[in-house]
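# Examining the three-dimensional arrangement
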Amino acid sequence: MGLAKDRMAGVFRGGPTLFEGGRRPRDGLQPIVLGNSVYAFDEETGRVGHGLSGSRAIRALIDLNPFLADLSRVTRRELTSAMSTRQSCRNDQLRGSVGSAVHIVLSGCVYEESSYGEDTTVRIHGSGAVLGIAEIFHPDLHAPTARCLNSTLTLTIPLARMRSIVDHNGVIGAALGKVLADQLVTAERVYNRRSLLPEQRLAGLFVHLLDRCAVPCTRYGRMIEGPSQTDLADSLSVSRATIENALKVLRECDLVSTGYRRYRFPDERELALFGKVRTLSQTVTGSAEVQ
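The structure contained in this document is the topic of the report that follows. This is a predicted model, so every value here is computed, not measured.

## Some details on the sheet that holds strand β6 (residues 101–107)
Here we have 4 strands laid out as an open sheet, ordered β4-β11-β6-β9, and antiparallel in their pairing. With one partner strand each, in any of the chains shown, β4 (84–88) and β9 (130–131) form the two edges of the open sheet. Across 6 bridges, β6 lies against strand β11 (residues 152–158) in antiparallel orientation. In the sheet register, S107 faces β11, and the bridge partner there is L153. Those strands touched by helix α6 (residues 159–168) are β6 and β11, and its axis lies near 75° from that of β11.

## Thoughts on the packing of aromatic side chains
Enumeration according to the criterion identifies 2 aromatic pairs in this entry. Between F206 and F265, the aromatic rings sit 5.0 Å apart at their centres with planes inclined by 55°, giving tilted as the arrangement. With F206 in helix α8 (residues 198–213) and F265 in the loop between β15 (262–264) and α11 (268–274), the pair connects residues that are 59 residues apart, well separated along the chain. By way of ring pairs, the aromatic residues F206, Y263 and F265 are connected into one cluster. R123 extends its terminal NZ or CZ atom over the ring of Y191, reaching a point 4.4 Å from the ring centre. Note that R147 overlies the ring of Y111, its terminal NZ or CZ placed 4.2 Å from the centroid.

## Things to note about unusual backbone geometry
The backbone phi angle of D254 is positive, close to 60°, even though this residue is not glycine. Relative to the assigned elements, D254 resides in the loop between α10 (240–252) and β14 (257–259). Residue K276 is not a glycine yet carries a positive backbone phi of 55°. When you line up the elements, K276 lands in the segment after α11. Here K276 falls in the partly exposed class, since its relative accessible area comes to 43%.

## Quick word on the environment of R56
Inspection of the secondary structure puts R56 in helix α2 (residues 54–64). For R56, a relative accessible area of 41% translates into the label partly exposed. Placed 18 residues apart in sequence, R56 and V38 show a C-alpha to C-alpha distance of 9.2 Å.

## Considerations on the pattern of salt bridges
A full pass over the atoms with the stated rule returns 8 salt bridges. Ionic pairing is found between D70 and K178, a salt bridge with its closest N-O pair at 3.1 Å. Separated by 108 residues along the polypeptide, D70 in the loop between α3 (66–69) and α4 (73–81) and K178 in helix α7 (residues 170–191) bring together distant segments of the chain. Under the relative-accessibility criterion, D70 is labelled partly exposed at 47%. Judged by its relative accessible area of 44%, K178 is partly exposed. With a shortest N-O distance of 3.1 Å, D231 and R147 are connected by a salt bridge. Taken together, the residues span a long stretch of sequence, with D231 in helix α9 (residues 229–236) and R147 in strand β10 (residues 145–148) at a distance of 84 residues.

## Describing the nonpolar core
Of all hydrophobic cores here, the largest spans 37 residues; its most connected members are L202, L205, F206, L232, Y263, F265 and L271. Among the elements of the structure, β1 (29–34), β2 (37–42), β8 (119–125), α7, α8, α9, α10 and α11 are those that each provide at least two residues to this core. With 8 residues, the single largest contributor to this core is α8. When residues no more than four places from it in sequence are discounted, the contact partners of L202 are L232, L236, I243, A246, L247 and L250. Counting residues in hydrophobic clusters, the runner-up holds 29 residues, among them I62, V102, V130 and V166.

## Focus on the sheet that holds β8
The 4 strands are arranged β5-β10-β7-β8 in an open sheet whose pairing can be described as antiparallel. Each having just a single partner strand, β5 (93–95) and β8 make up the two edges of the open sheet. Adjacent strand axes in the sheet meet at a mean angle of 25° when their direction is disregarded.

## Description of the side chain of R123
If you trace the backbone, R123 turns up in strand β8. Setting aside its immediate chain neighbours within four residues, R123 contacts V110, Y111, E112, A187, Y191, N192 and S235.

## Comments concerning the packing of α6 against α7
Closest axis-to-axis distance for the α6/α7 pair is 5 Å, and the angle between their directions is 115°. On the basis of the axis angle, α6 is roughly perpendicular to α7. Here M162, I165, V166 and H168 of α6 lie close against α7, whose contacting residues are G170, I172, G173 and L176. Split by residue class, the contact of α6 with α7 holds 5 nonpolar, 3 polar and no charged.

The rules we used
- Residues numbered from 1 in each chain as written.
- Predicted model: local features only at pLDDT ≥ 70, side-chain atom pairs only at ≥ 80, totals over all residues.
- Heavy atoms only, no water.
- Pairing = 2+ DSSP bridges.
- Helix = DSSP H or I, 4+ residues; strand = E, 2+ residues; numbered from the N terminus.
- Contact = heavy atoms within 4.5 Å.
- Axes fitted to C-alpha atoms, helices over the stretch in contact; angles between N-to-C directions.
- Phe/Tyr/Trp six-rings, centres within 6.5 Å; stacked < 30°, edge-to-face > 60°.
- Lys NZ or Arg CZ within 6 Å of the ring centre and 35° of its normal.
- Buried < 20%, exposed > 50% of the residue type's maximum accessible area, 1.4 Å probe, protein only.
- Salt bridge = Lys/Arg side-chain N within 4 Å of Asp/Glu carboxyl O.
- Core = buried A, V, L, I, M, F, W, Y, C linked by side-chain atoms within 4.5 Å.
- Parallel < 35°, antiparallel > 145°, perpendicular 65-115°, else oblique.
- Nonpolar A, V, L, I, M, F, W, Y, C, P; charged D, E, K, R; others polar.

Printed below as a string of structure tokens:
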């Protein structure tokens, strides 16, 4: 299907409306971040409904952000009022030579590359990531470069100002420490599973990206858009040819269909099982739960 159709803001898979009448969804419906909006997800059927737009979508993205959601409403409001909203396009650079700033990713897909000597490490971040978090606590660290892989929405604040806020607010510092720990754990669980076959590692990465970076898809509810095969190869520290072969296996198993920097998944549950992902996760196609 065409890109415009996949991104349409209408009904996805015939689901119900999110926050009808300004109220929370009825029982069985959960909010789910897709692209730069928030939709209603039915856990029982795996169906995705109408989404929010404009300022309502931004408020919902802030309230649902894993880092910001851990803060009290008052603390969250104080922190976000000190930050500016930044909408970025594919290939826009967020960090590196563009200056020192901290970005809280509300939605989108971000490629982050850090170097140590001649070695480089690549991670793909999405909703809930805090870019620049390590430098908040360690001023001498060299800032990784970060660029957008698709349309990305962040809350941005100068690094020096964020350090000052953390110095005066231990609650925010503790919440950032939790995010840093989560990002380290994710690196081990998602990127460093070297005992598995490449196609299994790639399937596991796709499951992770669906949870953090998904955009709307008319046919399956959600999909991944943005990373190239080279980006995927860099993040798993393998060659592009290895990724091409892994995608061929996943296609033959009917676990993925691919387009230009787009990846659609007929059954997310089967994808997770193939990738040996055993963590409970919100899945849209197939079963609503990964066993």
